[in-house]
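# A structural walkthrough
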Protein chains: 2
Amino acid sequence: MTTTDGVLKVALLGCGVVGSEVVRLLAEQADELAQRVGARLELAGVAVRRPARHPEVPAELLTTDAEALVRRDDVDVVVEVVGGIEPVRSLLLAALESGKSVVSANKALLADDGATLHDAATRNGVDLYYEAAVAGAIPLLRPLRESLAGDRITRVMGIVNGTTNFILSRMDATGAGFDEALAEATSLGYAEADPTADVDGYDAAAKAAILAGLAFHTRVTMSDVHREGIGEVTAADVASAQAMDCTVKLLAICERTTVADGTESVSVRAHPAMIPRRHPLAGVGDAFNAVFVEAEAAGSLMFYGRGAGGAPTASAVLGDLVAVARNRVSGSRGAGESAYAALPIRSMGEVTTRYHVALDVADQPGVLAGVANAFAEEGVSIQTVRQEGRGDAATLVLVTHAATDAALGRTVEKLAAMSLVGRAASVMRVEGMTGE
Amino acid sequence: MTTTDGVLKVALLGCGVVGSEVVRLLAEQADELAQRVGARLELAGVAVRRPARHPEVPAELLTTDAEALVRRDDVDVVVEVVGGIEPVRSLLLAALESGKSVVSANKALLADDGATLHDAATRNGVDLYYEAAVAGAIPLLRPLRESLAGDRITRVMGIVNGTTNFILSRMDATGAGFDEALAEATSLGYAEADPTADVDGYDAAAKAAILAGLAFHTRVTMSDVHREGIGEVTAADVASAQAMDCTVKLLAICERTTVADGTESVSVRAHPAMIPRRHPLAGVGDAFNAVFVEAEAAGSLMFYGRGAGGAPTASAVLGDLVAVARNRVSGSRGAGESAYAALPIRSMGEVTTRYHVALDVADQPGVLAGVANAFAEEGVSIQTVRQEGRGDAATLVLVTHAATDAALGRTVEKLAAMSLVGRAASVMRVEGMTGE
């Protein structure tokens, strides 16, 4: 704790889009930040791979030796905006073990192995904050961890990935297919050259794991999350959604379920789903993020804002940095990990959802009865059914009531095997409808 | 600090709609709260006026002597849900001076004299938290104070009073006048028997003062806030708003303004205004609250949820109670008041706003020229003008560009004095439009 001279030293790991904004804001707001913290925040060093590419950082601060930087005696706080699992995990562990507090924007690492980092922070009596890891600038983790600490959160559902939201918004607006919309997102800079992490839902799943951990006081890792990307979402799916006044969104959903004997469990998933157009999440366009939180006493809350980008993410990083720095100035530590509940993870098959199923069927007697039987045999109740004739064939659109995902999956398999039923034109979960 | 035995004692002042929910949640969630705090939270006493009316509270906890309760040696935290200025201020000061931390839901007191309470908290090294004072269950003060502590907030604009929002929503939906909508709100329990604090904007103004203080690191009191209620809003105003695809809302608005020489000032106001129907705040209906926050790095953020009611407000109170209790367990203190910026308050006359003005005019040559001149003489630029003939008379509807409120006020006075202009059918500020 080198605050005796009124200065706190910050080591920055990474200086890309977010890191360079952190450097800029630390300089521009130096006086204000000092007033808020009670000590000046000064950069001790900035670890990058290629120092020559960072003319915006004073040369004497740049280093390629991140390992030495995080262990330096004069460093109080390590800020990490590199991303990825290794070597970052080792670096942050070394920082925590050396008594430094850590601010990270690294959703992948937190979702993969947050427990190891939390344990190290607790053991060393230092802070580990990571507001920027989920939903960029939107204050979300602190409200979950602190503001709602006296309530029981039952559900978190949100749009937490801007790239896929841009793609799905374009498909909805223009009728484009997935490939076309992805190409547009790439050309506009909304999608990375390798869009796998976004498009296949890894990014949303990591954020879902982090949100579920905080909401339910339970350790949740990436492997606990049921993940489906948007690569299979077709223009036909989007059209089907529109036909029932819905739109398709990639949702991160964390739920607490209580069964009859009072046993609780937690389910965590990230997948595309249809939601009603009147649902507040339906209006969240382009690269924005929004998250709904439901708690027993508080009711429904929504948080909305920019989920990515250099400046918004840097805002979240600096908010954490100020909090961590204040704690060091006062010789205290913020609320650490809260994982006492250790609730079991519910498998996706046990999760209750609703399905929208659009089928191409032969337009002849007995088809509807056969289809309805397939649902009935699996105990899945149908909420609405609509048949549209097209000459010899017809399209049958069904929306179910809530049933277990396993039963719904078996029903769809059964339908696909029926001789009078052609390919399923669209099969997708439906969320956010009332009367489930 | 009586945490040696793993118990923190809580004194509750007031046991009405919110207080009884606090009692219920403390009992129902006792085990979970203990896990989150690291100590059990136990009620030391509940101060009420008429103990006989509170069968839900164990009799031995009830007391009418609030003054003795807040000074009791075994009390760690005082939770206040009484409301009003005195005797609450004296009680909370006594609590703080006795080394107790305080959680309050009292917007009027915080807006009237928060400085005295903050000074006492700082002097005694204890916490003063009041998330429940603004926007009920919505986590708003903590995000402003902590999550955005590394950013520069430029504007806060929100719907923070549920009663008036219900009334204005009904006027918008049904075409009802103010009196009729108020009567409906009263009969449904959305308005109190004496609705003055809500209808005249005192409640929204107090919340605006609290929000501005946190957002701008400046002490702001009720007397700094320009306040107008909704009692003068007519069915004609609402119809005029609808004609330009707007709706009328009572808004709390806090702005930071920087003039050419870099000098900054702050304006704080609560008044009805027209906002475009496509603005996210326009869709906030009934008794819900929503607040927009704009910050330089974070961009636009929105927070939405239940702004009042027993359980939602109790959720916010308990979140603060857990935070304060954690601090006591760890022997630390949360971030105290941040008022270093001490920015000057800008008078309403200097604030730039836009106006919607609907005038009944004689339908004859020269009227439009005369009206246009009145605006021009005050340097107010007109964005749109629309004239609708009705026989001999006509209605002239003008929307201005942003100009100082003083210039707009003078223009309206000038118009009212013109012989060819009848009464102004509707004069109202316009907020949330782009291109200001």
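Residues numbered from 1 in each chain as written. Chains lettered and ligands numbered in written order. Predicted model: local features only at pLDDT ≥ 70, side-chain atom pairs only at ≥ 80, totals over all residues. Heavy atoms only, no water.

## Some points on the side chain of E431 of chain B
Residues and elements named next belong to chain B. Applicable threshold: Strands here mean DSSP runs of E at least two residues long; helices mean DSSP runs of H or I at least four residues long; both are numbered from the N terminus. Burial classification: accessible surface area is computed with a 1.4 Å probe over protein chains only, and a residue below 20% of its type maximum counts as buried, one above 50% as exposed, and the rest as partly exposed. The term polar contact refers here to a pair of N or O atoms within 3.5 Å; inside protein, the definition further demands a hydrogen-donor-capable atom paired with an acceptor-capable atom, and it admits residues adjacent in sequence only when both atoms are side-chain atoms. The contact rule is simple, with two residues in contact once any of their heavy atoms fall within 4.5 Å.
With respect to the secondary-structure elements, E431 resides in the segment after strand 17 (421–430). With a relative accessible area of 2%, E431 lands in the buried category. Only 3.1 Å separates the side chain of E431 from the side chain of R155, close enough to count as a polar contact. Once residues lying within four places of it in the same chain are set aside, the contact partners of E431 are R155, M157, L251, I253, R269, H271, A273, M274, I275, P276 and T353.

## As for the domain arrangement of chain A
All names here are of chain A. To keep it simple, the criterion reads: Just so you know, the domain bounds were taken from an automatic or database domain assignment. The quantity reported as buried area is the accessible area (1.4 Å probe) lost by two parts once they are put together, taken as the sum for both. The term salt bridge refers to a pairing of a side-chain nitrogen on Lys or Arg with a carboxyl oxygen on Asp or Glu at a separation within 4 Å.
Looking at the assigned domains, one finds that chain A contains domain 1 (3–136 + 311–329), domain 2 (142–306) and domain 3 (349–430). Taking only C-alpha atoms, the centre of domain 1 and the centre of domain 2 are 28 Å apart. Contacts between the two partners involve 19 residues from domain 1 and, on the opposite side, 16 residues from domain 2. Between domain 1 and domain 2 lies a buried interface of about 1,300 Å² when both sides are counted; carbon and sulfur atoms form 59% of it. Viewed at the interface, domain 2 and domain 1 are joined by four salt bridges.

## Observations concerning the relation of the copies chain A and chain B
The line we're drawing: Least squares is used to superpose the copies, and the fit set is the C-alpha atoms of residues whose pLDDT is at least 70 in both copies.
With an RMSD of 0.0 Å, the fit of chain A onto chain B corresponds to turning through 180° and sliding 0.0 Å along the axis. A rotation of that kind, with that shift, is consistent with a two-fold axis. Residues of chain A ranked by C-alpha distance from the rotation axis are headed by F303 of chain A, positioned 2.4 Å from it.

## Quick notes on the UniProt feature "binding site: NADPH" (unreviewed entry) in chain A
The line we're drawing: UniProt positions are given in the numbering used here, feature names are shortened, and annotations may be inferred rather than shown by experiment.
Here, the residues flagged by UniProt with the feature "binding site: NADPH" (unreviewed entry) are K107 of chain A. Excluding anything up to four places from it in sequence, K107 of chain A contacts A133, D203, A206, K207 and I210 of chain A.

## Notes on the interface of chain A and chain B
With 41 residues of chain A in contact, the opposing surface of chain B contributes 41 residues. Roughly 3,800 Å² of surface becomes buried between chain A and chain B when both sides are summed, with 54% attributable to carbon and sulfur atoms. Run the count over chain A and chain B and you get four salt bridges. Residues E32 of chain B and R152 of chain A are paired through a salt bridge, measuring 2.2 Å at the closest nitrogen-oxygen approach. Applying the counting criterion to the chain A and chain B interface returns 20 residue pairs in polar contact (both at pLDDT 80 or more).

## Regarding the UniProt feature "active site" (unreviewed entry) in chain A
All names here are of chain A. Within the UniProt annotation, "active site" (unreviewed entry) is assigned to K207. Inspection of the secondary structure assignment puts K207 in helix 10 (residues 202–216). For K207, a relative accessible area of 5% gives the class buried. With sequence-adjacent residues up to four places away left out, K207 is seen in contact with K107, A133, V134, A135, V160 and N161. Reaching out from K207, the side chain makes a polar contact with the backbone oxygen of V160 at a distance of 2.8 Å.

## As for helix 13 (residues 367–377) of chain A
Residue and element names in this part refer to chain A. Test applied: Taken from the helix axis, the directions to the C-beta atoms give the arc we talk about.
Buried within helix 13 we find V367, G370, V371, A374 and F375. For helix 13, the buried positions fall inside an angular range of 140° around the axis, keeping them on one side. In helix 13, the exposed residues that point more than 90 degrees away from the buried face are A376 and E377. Looking one or two residues beyond helix 13, the residue adopting positive phi is G379, at roughly 75°.

## Quick word on the sheet that holds strand 4 (residues 77–80) of chain B
Residue and element names in this part refer to chain B. Definition in use: Strand pairing requires that DSSP identify at least two bridges connecting the strands. Fitted lines through C-alpha atoms serve as axes, helices being fitted only where they are in contact, and the angles separating the N-to-C directions of these axes extend from 0 to 180 degrees.
Read across the open sheet, the six strands follow the order 3-2-1-4-5-6; overall the sheet is parallel. Edge strands, defined here as strands with exactly one partner in the open sheet, are strand 3 (62–63) and strand 6 (128–129). For strand 4 and strand 5 (residues 101–104), the ladder comprises four bridges, and the chain directions are parallel. Within the sheet, the bridge partner assigned to V79 lies in strand 5 and is V103. Packed on one face of the sheet, helix 2 (residues 30–37) meets strand 1 (7–13) and strand 2 (40–47) and runs near 115° to strand 2.

## Digging into the pattern of salt bridges
Under the criterion given, the structure shown has 73 salt bridges over all chains. In this structure, E86 of chain A engages R89 of chain A in a salt bridge whose closest nitrogen and oxygen atoms are separated by 3.2 Å. Here R170 of chain A makes a salt bridge to E184 of chain A, at a shortest N to O gap of 3.1 Å. Of the two residues, R170 of chain A is situated in helix 7 (residues 162–174) and E184 of chain A in helix 8 (residues 178–187); the sequence distance between them amounts to 14 residues. Residues participating in the shared-partner salt-bridge network are E32 and R36 of chain A together with R152, R256, E264 and E296 of chain B.

## Focus on the packing of aromatic side chains
For any pair of aromatic rings, the description consists of the separation of the ring centres together with the inter-plane angle of the planes. Here is the rule we go by: For this analysis, a ring pair means two rings from Phe, Tyr or Trp (six-membered ring only for Trp) whose centres lie within 6.5 Å, classed as stacked if their planes differ by under 30 degrees, edge-to-face if by over 60, and tilted for the remaining angles. Geometrically, a charge over a ring is one whose NZ (Lys) or CZ (Arg) sits within 6 Å of the ring centre while staying within 35 degrees of the ring normal.
Inspection of the entire model under this criterion finds five aromatic pairs over all chains. Taking 4.3 Å as the distance between ring centres and 25° as the angle between the ring planes, the aromatic pair formed by F166 of chain A and Y190 of chain A counts as stacked. Within this pair, whereas F166 of chain A is found in helix 7, its partner Y190 of chain A is found in the loop between helix 8 and helix 9 (196–199), the two being separated by 24 residues in sequence. Judged by its relative accessible area of 4%, F166 of chain A is buried. A ring pair is formed by F303 of chain A and F303 of chain B, whose centres lie 6.0 Å apart and whose planes are at 80°; its orientation type is edge-to-face. Here F303 of chain B lies in strand 12 (residues 299–306) and F303 of chain A lies in strand 12 (residues 299–306), a pairing that spans two chains. A cation over a ring is seen here: R227 of chain A above Y202 of chain A, with NZ or CZ 3.8 Å from the ring centre.

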